[in-house]
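# Observations on the three-dimensional arrangement
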Amino acid sequence: MPNTGLSELGSHLKATRNDRGFTLEQLAEVSGLSARHIANIEKGDVNPSFEVLVTIAKVLDLSFDALFFPASGQTEAELQELTGLYLSCPEQGRRLILASVHAIAKELTQQNQV
């Protein structure tokens, strides 16, 4: 019987693979893993090693945060937009963005606690 955590991880990987337009065979070819191994991961039958997860995440352009804590489609799109904006800035701009986000998050968190 598959482990619930492994089943959730596998389902998320399969959904992401499909969203990225990869067939099982294409992902296997690009990643160097066997299609059977990937299928077993997606079914939750196999506990993938760290190296296998890194390989799959790289091919699917998926962060480890998103791998283990999948966001809703809307949240993922918003995060990708923010990431793109952040990465398009020079280093000094990135520091300013990060400081601003920290200040805003702190303010919003304090408002929630009142």
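Preceding this section is the structure that the text describes.
This report concerns the structure included in the present document. Residue positions are counted from 1 within each chain, in the order its sequence is given. Reporting in this predicted model follows two pLDDT cut-offs: at least 70 for local features of residues, and 80 or more for side-chain atom pairs to be given and counted; totals over whole chains, interfaces and linings ignore these cut-offs and use all residues. Each side-chain value is worked out from all heavy atoms of the structure, with water and hydrogens disregarded.

### Quick look at the nonpolar core
Inside soluble globular proteins, nonpolar side chains tend to come together where they are buried. By nonpolar core we mean a set of buried residues, namely Ala, Val, Leu, Ile, Met, Phe, Trp, Tyr and Cys, connected to one another through side-chain atoms within 4.5 Å. Residue exposure (1.4 Å probe, protein chains only): buried if accessible area is under 20% of the type maximum, exposed if over 50%, otherwise partly exposed. Counting 17 residues, the largest nonpolar core has Leu13, Ile38, Ile41, Ile56, Leu60, Leu62 and Leu67 as the members making the most contacts within it. Working definition: helices are DSSP H or I runs of at least four residues, strands are E runs of at least two. Numbering for both runs from the N terminus. Counting residues per element, the ones that place at least two in this core are α1 (4-19), α2 (24-31), α3 (35-43), α4 (50-59) and α5 (64-68). Whether two residues are in contact is decided by their heavy atoms: any pair within 4.5 Å suffices. Ile38 has contacts with Leu24, Leu27, Ala28, Ser31 and Leu33, leaving out every residue within four places of it along the chain.

### Quick notes on the pattern of salt bridges
It is possible for side chains bearing opposite charge to pair when their charged atoms get close. Should a side-chain nitrogen of Lys or Arg be within 4 Å of a carboxyl oxygen of Asp or Glu, the pair is scored as a salt bridge. Enumeration over the complete set of coordinates arrives at three salt bridges. Note that Asp45 and Lys43 form a salt bridge whose closest N and O atoms lie 3.9 Å from each other. Using a relative accessible area of 46% as the deciding quantity, one classes Asp45 as partly exposed. The salt bridge partner of Glu91 is Arg95, with a shortest N-O separation of 3.0 Å. You can see Glu91 and its partner Arg95 sitting in helix α7 (residues 91-113), four residues apart, about one turn around the helix. Comparing Glu91 with Arg95 shows no difference in burial state: the two are exposed.

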